[in-house]
Amino acid sequence: MFDALTRWRRRRVLERAAIPDALWREAVALLPFLAIYSDDELGRLREKVVLFLDAKGILGARGHEVTPLQRVIIAIQACVLVLELDMAYYGGFENVIVYPGEFVPGWEWEDEAGVVHRNEGPLAGEAMPGGPVALSWPDVAAGADWESTGMNLVIHEFAHKIDMRSGDANGCPPLPAGMRAEAWKETLGAAYADFCARVDRDEPTEIDPYAAESPAEFFAVLSEVFFADPILLVEEYPDVYAQLAAFYRQDPAPRARRLFAEPARSGEP
Ligand SMILES: [Zn+2]
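As the structure is a computational prediction, the values presented were derived from the model and not from experiment. (Residues numbered from 1 in each chain as written. Predicted model: local features only at pLDDT ≥ 70, side-chain atom pairs only at ≥ 80, totals over all residues. Heavy atoms only, no water.)

1. Comments concerning the layout of surface pockets
Volume-wise, the largest pocket comes out at about 1,000 Å³. Along the wall of the largest pocket there are 32 residues; nearest its centre are Gly125, His156, His160, Tyr210 and Glu217. Among the residues making up the lining of the largest pocket, the classes are represented as 16 nonpolar, seven polar and nine charged. The space that makes up the second largest pocket amounts to roughly 290 Å³. Along its surface, the second largest pocket is lined by 14 residues, and Arg10, Leu51, Asp86, Met87 and Ala88 are the ones closest to its centre. Of all the elements, helix α3 (residues 39-55) adds the most residues to the lining of the second largest pocket, at six residues. Split by residue class, the lining of the second largest pocket holds seven nonpolar, one polar and six charged. (1 Å grid on protein atoms, 1.4 Å probe; cavity = no way out; pocket = protein on both sides within 12 Å on 5 of 7 lines; lining within 4 Å. Points joined across faces, edges and corners; volume = space filled by probe spheres on them. Nonpolar A, V, L, I, M, F, W, Y, C, P; charged D, E, K, R; others polar. Helix = DSSP H or I, 4+ residues; strand = E, 2+ residues; numbered from the N terminus.)

2. Quick word on the coordination of the zinc ion
When a metal holds four donors in a tetrahedron, each ideal angle between them is 109.5 degrees; when it holds six in an octahedron, the ideal angles are 90 or 180 degrees. In the first shell of the zinc ion, the protein supplies His156 (NE2), His160 (NE2), Glu217 (OE) and Glu217 (OE), at 2.0 to 2.7 Å from the metal. Geometry at the zinc ion is irregular, judged from its four donor atoms and the angles of 53 to 144° they form at the metal. In primary-sequence terms, the residues that donate to the zinc ion follow H-x3-H-x56-E. Separated by 57 residues along the polypeptide, histidine 160 in helix α6 (residues 153-163) and glutamate 217 in helix α8 (residues 215-228) bring together distant segments of the chain. Residue classification places glutamate 217 among the buried positions, given a relative accessible area of 12%. (Donors = N, O, S within 2.8 Å, 3.2 Å for Na, K, Ca; no water. Tetrahedral: all angles 85-135°; square planar, octahedral: opposite > 155°, others 65-115°. Buried < 20%, exposed > 50% of the residue type's maximum accessible area, 1.4 Å probe, protein only.)

3. What to know about the pairing of strand β6 (residues 133-136)
Residue alternation in β6 divides its side chains into two sets, Val133 and Leu135 and Ala134 and Ser136, and both sets are buried. Pairing geometry for strand β2 (residues 95-99) and β6, over four bridges, is parallel. Its bridge partner being in β6, valine 96 is matched across the sheet by valine 133. As defined by bridge partners, strand β5 (residues 125-127) adjoins β6 across three bridges and the pair is classed as antiparallel. Paired with alanine 127 across the two strands is valine 133, which belongs to β6. Between β5 and β6, which follow one another and run antiparallel, lie five residues, and glycine 130 among them has a positive phi close to 70°. (Pairing = 2+ DSSP bridges.)

4. A look at the sheet that holds β2
One open sheet accounts for four strands, arranged β1-β2-β6-β5; its pairing is mixed. The open sheet has two edge strands with one neighbour each: β1 (57-60) and β5. Direction aside, the axes of adjacent strands within the sheet are offset by 15° on average. As defined by bridge partners, β1 adjoins β2 across four bridges and the pair is classed as parallel. Looking across to β2, one finds that isoleucine 58 is bridged to valine 96. Relative to the sheet, α6 contacts β2, β5 and β6, its axis offset from that of β6 by approximately 165°. (Axes fitted to C-alpha atoms, helices over the stretch in contact; angles between N-to-C directions. Contact = heavy atoms within 4.5 Å.)

5. A few points about the pattern of salt bridges
According to the stated counting rule, one finds ten salt bridges in the structure shown. Note that aspartate 54 is salt-bridged to arginine 16, the shortest N-O span being 3.5 Å. Of this pair, aspartate 54 sits in helix α3 while arginine 16 sits in helix α1 (residues 2-16), and the two are 38 residues apart along the sequence. Accessibility expressed as a relative area gives 36% for aspartate 54, which makes it partly exposed. Note that glutamate 84 is salt-bridged to arginine 44, the shortest N-O span being 2.9 Å. Of this pair, glutamate 84 sits in the loop between α4 (68-81) and β2 while arginine 44 sits in helix α3, and the two are 40 residues apart along the sequence. Taking relative accessible area as the criterion, glutamate 84 reaches 26% and is therefore assigned partly exposed. With relative accessibility at 30%, the residue arginine 44 sits in the partly exposed group. (Salt bridge = Lys/Arg side-chain N within 4 Å of Asp/Glu carboxyl O.)

Have a look at this one:
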């Protein structure tokens, strides 16, 4: 009964909140890393985007007006992470806030010693446990293509959201059955230590050095690289790639290799 009702609601939302074809195509064309997905996968992604936009408000702040195209671009990138996962991964929060530029978050937090800190910012993006995801639109727009070498703000913040399903972000999201937490912690811990050592030595890294900030940032930055430049992650940290592939249930690297090996498609049938 419950399943039938859920399915009925889902169908209602998909019909009522459908995205016009032209808008969908325009958004997909602006996100070249989607080129690895089949038509069937893009169809499923589109359904998830419709459900996401039905469930979440995407709200402009400080005078920013969110256009229909911006809503879809943000939702697509958020939903790429959960393409093969349940939408329940994004339960527990209602809104995405979009700023016209970097923003100073107006909140304070108390550490374990009871000292109150104020986050100074400015930030390009922020995910709060149990609260909204905040994004600076120019930073979303800058990180959407392959040329940004694996940087993608929306994927970064929504990876934090997935990490926060078990409380504060710590780099170890709740793992599905069949994945071992010890293997995850060992693999990501060893890669994190190696990466921090490289950053400490001032070694130039193609992966954003910000990943050395904390295990939570390491997970979020490497999730960006996993989706937006998967070949780089396989080359740098193949064991982390394997963990993320098992976690997200996607294997983008061989597909990206095939895509780049193929000559660009022309107009032939
Ligand atoms: Zn972060």
